[in-house]
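Report on the structure
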Amino acid sequence: MAYQEATLRPESVSTEAVAVKRPRIESIDVVRGIVMILMALDHSRDFFGNSGVNPTDLATTTMPLFFTRWITHFCAPAFFLLTGTGAYLSLRKKSKHELSRFLFTRGLWLIFLELVVTRGFGWQFNFDYRVTMLFILWALGWAMIVLSVLVYLPTSVVTAFGVVMIATHNLLDSVQSSNPLWTILHSPNFLVRTPQNIVRVPYVLIPWVGVTAAGYGLGQVFRWEPARRKSFLLRLGIALSTAFVVLRAINLYGNPVPWSTQRSAAFTVLSFLNTNKYPPSLLFLLMTLGPAMLFLWAVDGGTPRFLRPALTIGKVPMFYYLLHIPLIHLIAVIVCYARYGQVHWMFESNTIAQFPVTPPPGWGYSLPIVYLIWAFVVVTLYPLCRWFAGLKQRRGDAWLSYF
């Protein structure tokens, strides 16, 4: 996510305006907008797809279902990375102390949004707290809080911290513990599991904190002159993508589950691409961040016309995020009522298997229907995002930076 924000002589007003209203970096907004659009596809599938079929289980999945899930893997890594990048770039108009304070308070705000707003008003439409999932805003909030401390260190140290965490955290895979702290840090598990309440942590802090720290280091690149920046992004994208292919082929390190030969060549490719997201393995991050760098390189010179809507959404990613989940859920309520004449299932989630809603009998739609709902959600939200982006451009209210 990016951080945008008495006169003596007329020219001093002009100088100050230029300092405050720095132009945004379009390539970052475009990539951020694309991953937000893809995120809505995954969440549309969560509400409307067949919950009984795991899209990454090669024994039961199909090629279209697998790639519908796989393409959305690019969302979280880019989101965390560019959050760090945006933090670094905000140093153009903030001191390190001001940035640290902003990151800390915004981190707390994101954790609140996860625990209250998106949980109660988005995913579940209830506040019984029978089932609570700690998703991306939870981890992103903690990543910002950690970064609020790291910003006082030299940028090279912050970058090294992130890269080392990404590269080495799979050495911890053998540590099996149900300790709550370890669950939060590295081992997705139940934080609370009683007959009355379940709290599960899919988004652990290691290595997501490292991705954000590495993104902070990447911010330096966007202060370079264009030719040097583009060259670096291209070389980095190729290097990360090549490292993924080589390490995955070796099959010795970087992912808890090795790939294996399957019933067909096509499914063997799926096995090769089927890397671990919870927690994100080294190979998962190489597989997603490499192409993300290449896409940043491709759009660095300007935004193609067909990507202008993504640019708009990318300027207000948190606003979009907070709206798209309740909109998808609301559509599910409407469809449920039209089909069954009642909607209580859409407000119930008593077990992990029934998250985010309890599927009514026969619930679950084909991928073409899921894609249609996804398209409707994005098209519906686009005018709202354009309005809010315009509001942020016109006004400099501090509260707007928290959305």
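Please refer to the structure placed before this passage.
Attention here is on the structure that accompanies the text. All values reported here derive from a predicted model rather than from experimental measurement.

Here we take up the overall build of the chain. For the chain, the helix and strand inventory stands at 15 helices and three strands. Over its C-alpha trace the chain gives a radius of gyration of 21 Å, about what one expects of a compact globule, namely 22 Å for 403 residues. Principal-axis analysis of the C-alpha atoms gives the chain an extent of 70 × 50 × 45 Å. Split into buried and exposed, the 403 residues of the chain put 51% on the buried side. When the accessible surface of the chain is split by element, carbon and sulfur atoms take 68% of a total near 17,800 Å². Between the mean site of the 33 positive side-chain charges and the mean site of the 16 negative ones, the chain shows a separation of 3 Å.

The next thing to look at is the packing of helix H2 (residues 26-48) against helix H3 (residues 63-70). Contact geometry for H2 and H3: axes closest at 9 Å, N-to-C directions at 125 degrees. Compared by their axis directions, H2 and H3 come out oblique. Mapping the contact onto sequence places Leu 41, Asp 42 and Arg 45 in H2 and Leu 65, Thr 68 and Arg 69 in H3.

Quick look at the sheet that holds strand S3 (residues 198-201) now. Spatial ordering of the open sheet is given by S1-S3-S2, a layout of three strands whose pairing is mixed. The open sheet has two edge strands, strand S1 (131-133) and strand S2 (189-193), and neither has a second partner. On average, each strand axis in the sheet is inclined to that of its neighbour by 20 degrees, with strand direction left out of account.

If you look at the biggest cluster of nonpolar residues, it comprises 119 residues, and the most contacted ones within it are Phe 48, Phe 80, Ile 136, Trp 208 and Tyr 216. Other than its neighbours up to four places away in sequence, Trp 208 contacts Ala 76, Pro 77, Phe 80, Ala 139, Tyr 203, Pro 280, Phe 284 and Leu 285.

Looking now at the environment of Phe 47. Structurally, Phe 47 can be placed in helix H2. The exposure class of Phe 47 is buried, given its relative accessible area of 2%. Between the C-alpha atom of Phe 47 and that of Met 346, which follows or precedes it by 299 residues, the distance is 9.4 Å. The contacts of Phe 47, once residues within four sequence positions are left out, are Gly 122, Trp 123, Ile 325, Ile 328, His 329, Ala 332, Pro 356, Val 357 and Trp 363.

In total, this model carries 28 aromatic pairs according to the counting rule given. Ring geometry for Phe 80 and Trp 208: centres 4.5 Å apart, planes at 20 degrees, overall stacked. Residue Phe 80 is found in helix H4 (residues 75-89), and its partner Trp 208 is found in helix H9 (residues 208-218); the two are separated by 128 residues along the sequence. Trp 208 carries the same exposure label as Phe 80, and that label is buried. Judged by centre distance (5.8 Å) and plane angle (80 degrees), the ring pair of Tyr 203 and Tyr 278 falls under edge-to-face. Of this pair, Tyr 203 sits in the loop between S3 and H9 while Tyr 278 sits in the loop between helix H11 (265-273) and helix H12 (282-298), and the two are 75 residues apart along the sequence. Among the residues examined, Tyr 203 registers a relative accessible area of 6% and is labelled buried.

Bringing the pairing of S3 into the picture now. By the bridge criterion, three bridges tie S1 to S3 in an arrangement that is parallel. If you follow Met 133 over to S3, its bridge partner there is Arg 200. Pairing of S2 with S3 involves four bridges; the strand directions are antiparallel. Bridged to Asn 189 within S3 is Val 201. As consecutive antiparallel partners, S2 and S3 are separated by four residues.

As enumerated under the stated definition, the model contains eight salt bridges in all. Of the charged contacts in the structure, one is a salt bridge between Arg 45 and Asp 46, with a shortest N-O distance of 3.8 Å. When its relative accessible area of 30% is taken as the criterion, Asp 46 is described as partly exposed. Connected through salt bridges with shared partners, the residues Asp 42, Arg 45, Asp 46 and Arg 69 form a single ionic network.

The next point concerns a nonpolar patch on the surface. Nonpolar side chains collect at one region of the surface, where Val 246, Ile 250 and Leu 252 lie side by side and expose about 310 Å² of accessible area between them. Turning to its location among the elements, Val 246 is positioned in helix H10 (residues 226-250).

The subject of this paragraph is unusual backbone geometry. Between Ile 206 and the following residue, Pro 207, the backbone shows a cis peptide bond with an omega angle of 10 degrees. Mapped onto the elements, Pro 207 comes out in the loop between S3 and H9. Put simply, Tyr 278 and Pro 279 share a cis peptide bond, and its omega is -5 degrees. Among the secondary structure elements, Pro 279 is positioned in the loop between H11 and H12. One non-glycine residue with positive phi stands out, namely Asn 251, at about 70 degrees. With respect to the helices and strands, Asn 251 occurs in the loop between H10 and H11.

Rules behind the numbers
- Position numbers for residues start from 1 in each chain and track the written sequence from start to end.
- Selection of residues for local features in this predicted model requires a pLDDT of at least 70, selection of side-chain atom pairs for listing and counting requires 80 or more, and totals for whole chains, interfaces and linings are taken over all residues.
- Values shown for side chains rest on all heavy atoms present in the structure; no hydrogens or waters enter the calculation.
- Helix and strand definitions follow DSSP, with helices as H or I runs of at least four residues and strands as E runs of at least two, each counted in order from the N terminus.
- In this treatment the radius of gyration is a C-alpha quantity, and the globule benchmark scales as 2.2 Å times the residue count to the 0.38 power.
- Partly exposed describes any residue whose relative accessible area lies between the buried limit of under 20% and the exposed limit of over 50%, with all areas from a 1.4 Å probe on protein chains only and scaled to the type maximum.
- The Shrake-Rupley method, run with a 1.4 Å probe sphere, supplies the accessible areas, and residue values consider only the shown protein chains as cover.
- Residues scored as charged are limited to Lys and Arg (positive) and Asp and Glu (negative), so that His and the chain ends carry no count.
- The atom standing in for a charge is NZ when the residue is Lys, CZ when it is Arg, CG when it is Asp and CD when it is Glu.
- Interaxial angle, 0 to 180 degrees, is taken between N-to-C directions of lines fitted to C-alpha atoms, where a helix line uses only the stretch in contact.
- For classification, angles of less than 35 degrees are called roughly parallel, those exceeding 145 degrees roughly antiparallel, those between 65 and 115 degrees roughly perpendicular, and all remaining angles oblique.
- Throughout, a contact is declared for two residues whenever any of their heavy atoms are within 4.5 Å.
- Pairing between two strands is assigned when DSSP locates at least 2 bridges connecting them.
- Take the buried Ala, Val, Leu, Ile, Met, Phe, Trp, Tyr and Cys residues and link them wherever side-chain atoms come within 4.5 Å; each set so joined is a nonpolar core.
- Planes of paired rings set the category: under 30 degrees apart is stacked, over 60 is edge-to-face and the rest tilted, where pairs are Phe, Tyr or Trp rings (Trp by its six-membered ring) whose centres lie within 6.5 Å.
- By salt bridge we mean one thing: a side-chain nitrogen of Lys or Arg within 4 Å of a carboxyl oxygen of Asp or Glu.
- Residues enter a patch when their relative accessible area is above 30% and they make no salt bridge; the linking distance is 9 Å between like charges and 5 Å between nonpolar side chains (Val, Leu, Ile, Met, Phe, Trp, Tyr).

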